[in-house]
Each structure stands twice: as C-alpha cells, then as structure tokens.
Amino acid sequence: MSLSLLRLQCQVTNIGTWKLGTGQCLARQALRQISHFNRHYQQAPLFLRIADHEFHNSRMRRQGAEACTSWIETLQSNDMIGMVQLDRRVFGAQPRMDILQRVVLWQRAKRRSGTAKTKTRAEVRGGGRKPWPQKGMGRARQGSIRAPHWRGGGVVHGPVPKSYYYSLPKQVRRLGLKIALSVKFAQGDLHIVDNLHVNSSKTRDMVPLLQAKKWKSVLFIDRYAFNTVVQTDAL
C-alpha cells in the first residue's frame with residue numbers, strides 16, 4: 001500500500017511541473033491530496049511507513065539508508081573516545097523471530113555429531129545357536145538368546161550414525177545475522193572498542209577488565225587479537 005501511495009506522490013510531483021491549461025488545476029488538487037496523505041502518513045508505525053522489501057533494489061533504498069551511530073569505547077577503561085556510523089541495513093533491520101528460529105535450528109542441527117548407535121541382534125556377540133530344541137521341552141520356542149525380547153539382546157529400530165545437516169538459503173543466513181546484530185545493537189549489548197590489543201596473554205589480566213565493564217557473556221570479534229584469544233580461552 002505504501003509503495004502505491006509513494007508512486008502516486010511521484011506521479012503527482014511530475015504533474016506539478018506542468019505550466020499550461022488544466023495542468024495547473026490538476027497539480028493544485030493533487031498537491032492538496034498529498035498534503036492530506038503526508039499528515040496521516042507520518043502517524044503510521046515505522047514498519048508501515050518504511051517497507052524495506054519494497055525498496056530493496058531501488059535507488060531510493062540505496063540513497064535513503066540512514067546510518068546508525070554508536071560510541072567507540074576502549075577495552076582498558078569505560079571512556080568514550082568517539083563515534084562510528086553503522087550501516088542501517090545491517091544494524092537497523094526489523095526483528096524477525098521466525099528467521100532467527102530457522103537460523104538457530106539450522107546451526108544446532110549441523111553441530112550435532114549424529115554418532116548415536118545401538119547394536120542389532122546380528123551385531124550382538126553370542127546367540128549363534130538355538131538355546132533349546134523346538135519341541136519336547138515344554139517351553140516356548142526360541143531361536144537365539146540375543147533376540148530383542150531377551151535381556152542382553154539386540155535393539156530393534158535403534159539409532160544409527162547419520163548427519164543432521166540440511167541446507168539453508170544464504171539469504172536467510174545473512175538476514176538472520178543482520179537481525180541478530182540489529183537486536184543486540186537496539187538492546188545496547190553491542191559494544192565497539194578501538195582495538196583488542198593487550199600486552200599480556202594471561203587470563204587473570206583479562207578478568208578485571210571484563211568485571212569493570214560488567215560483561216558476563218562476551219563474544220570478541222577481531223582479526224588480529226592473539227593475546228585476547230589466549231586470555232579468554234580458559235574463561
């Protein structure tokens with residue numbers, strides 16, 4: 001609906017450039033409609049006024065992407081040393097719980113080892129001969145002591161080693177990462193530091209820094225931070 005109204009606004013704006021005949025009357029009437037539309041359009045919720053899927057590939061979408069602003073901190077102190085602009089398409093995406101659920105299930109499924117295994121009656125050791133004759137003993141007929149209903153026997157329809165991996169579209173993976181970063185940024189859980197370089201590689205030197213910032217669960221992302229990796233390996 002918003003896309004059709006915006007197209008109407010663009011068309012009426014082009015009509016407003018006419019200078020002859022009835023074009024001026026049409027332009028005045030259309031501009032009055034636009035002013036009425038804008039007055040109610042600004043009161044609409046954000047997810048109705050800005051439809052990302054409608055302007056994904058348009059020039060308006062590329063030029064009108066507003067940047068998100070975040071503070072830059074230091075790892076050694078709580079001082080703010082500057083600000084950085086983040087891409088709105090990555091850190092300003094609309095939350096989609098269905099996309100996050102799909103990505104989380106996919107990640108957990110591909111991490112499953114799938115090594116659960118039980119032995120069938122053919123794989124259990126023993127039970128090669130018939131425990132007693134078929135007739136003459138007055139007992140129920142049995143063929144093997146490793147039958148499934150025997151204690152110590154094989155398992156019927158038990159688990160076998162397999163892979164739980166399945167393919168998830170790359171667009172869904174990227175969208176899930178964008179939504180996760182956007183939610184963390186909106187909740188104030190995304191912190192940007194100038195660098196992660198520390199002089200020591202001891203874990204006891206990293207713990208006070210995390211406690212001072214009140215970071216209980218932290219994921220460090222950096223390309224060149226070997227000491228930080230060694231410090232946090234034991235946490």
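Within any chain, residue numbers begin from 1 and follow the written order of that chain's sequence. This being a predicted model, a pLDDT of at least 70 is required before a residue's local features are given, and a value of 80 or more before pairs of side-chain atoms are given or counted; all residues contribute to the totals for chains, interfaces and linings. The side-chain figures draw on all heavy atoms in the structure; neither hydrogens nor water molecules are used.

On average, residues of the protein score 75 in pLDDT, and 66% of them reach the 70 mark or higher. Residue-level confidence of the predictor, termed pLDDT, takes values from 0 up to 100. Counting from the N terminus, the helices are the DSSP runs of H or I reaching at least four residues and the strands are the DSSP runs of E reaching at least two. Mean pLDDT in the protein bottoms out at helix 3 (residues 46-49), which sits at 38, and peaks at helix 6 (residues 97-111), which reaches 95. Segment residues 1-24 is flagged for pLDDT under 50; beyond a separation of four residues in sequence, or across chains, it makes 21 contacts in the model. The contact rule is simple, with two residues in contact once any of their heavy atoms fall within 4.5 Å. Note that residues 36-64 has pLDDT below 50 and, in this model, 25 contacts with residues that lie over four places away or in other chains.

Further remarks concern the nonpolar core. With 7 residues, the main nonpolar core is built from L75, L196, V198, M206, L209, L210 and W215. The residues contacting L75, other than those within four sequence positions of it, are V193, D194, N195, L196, V198, M206, L209, K213, W215 and F220. Put simply, buried Ala, Val, Leu, Ile, Met, Phe, Trp, Tyr and Cys residues joined by side-chain atoms within 4.5 Å make one nonpolar core. Relative accessibility under 20% of the residue-type maximum defines a buried residue, over 50% an exposed one, and the middle range a partly exposed one, all with a 1.4 Å probe and only protein chains included.

Let us look at the environment of R173. Topologically, R173 is positioned in helix 7 (residues 170-187). Once the C-alpha coordinates of R173 and Q107 are considered, the two residues, 66 residues apart in sequence, prove to be 9.9 Å apart.

With that out of the way, let us pick up the sheet that holds strand 3 (residues 192-193). We call two strands paired when DSSP finds no fewer than two bridges between them. Judged by pairing direction, the sheet is mixed, and its 3 strands sit side by side in the order 2-1-3 without closing on themselves. Two strands lie at the open edges of the sheet, namely strand 2 (80-86) and strand 3, each paired on one side alone. Examined bridge by bridge, strand 1 (residues 68-73) and strand 2 share 6 bridges and lie antiparallel to one another. When the sheet's bridge partners are listed, C68 is paired in strand 2 with L86.

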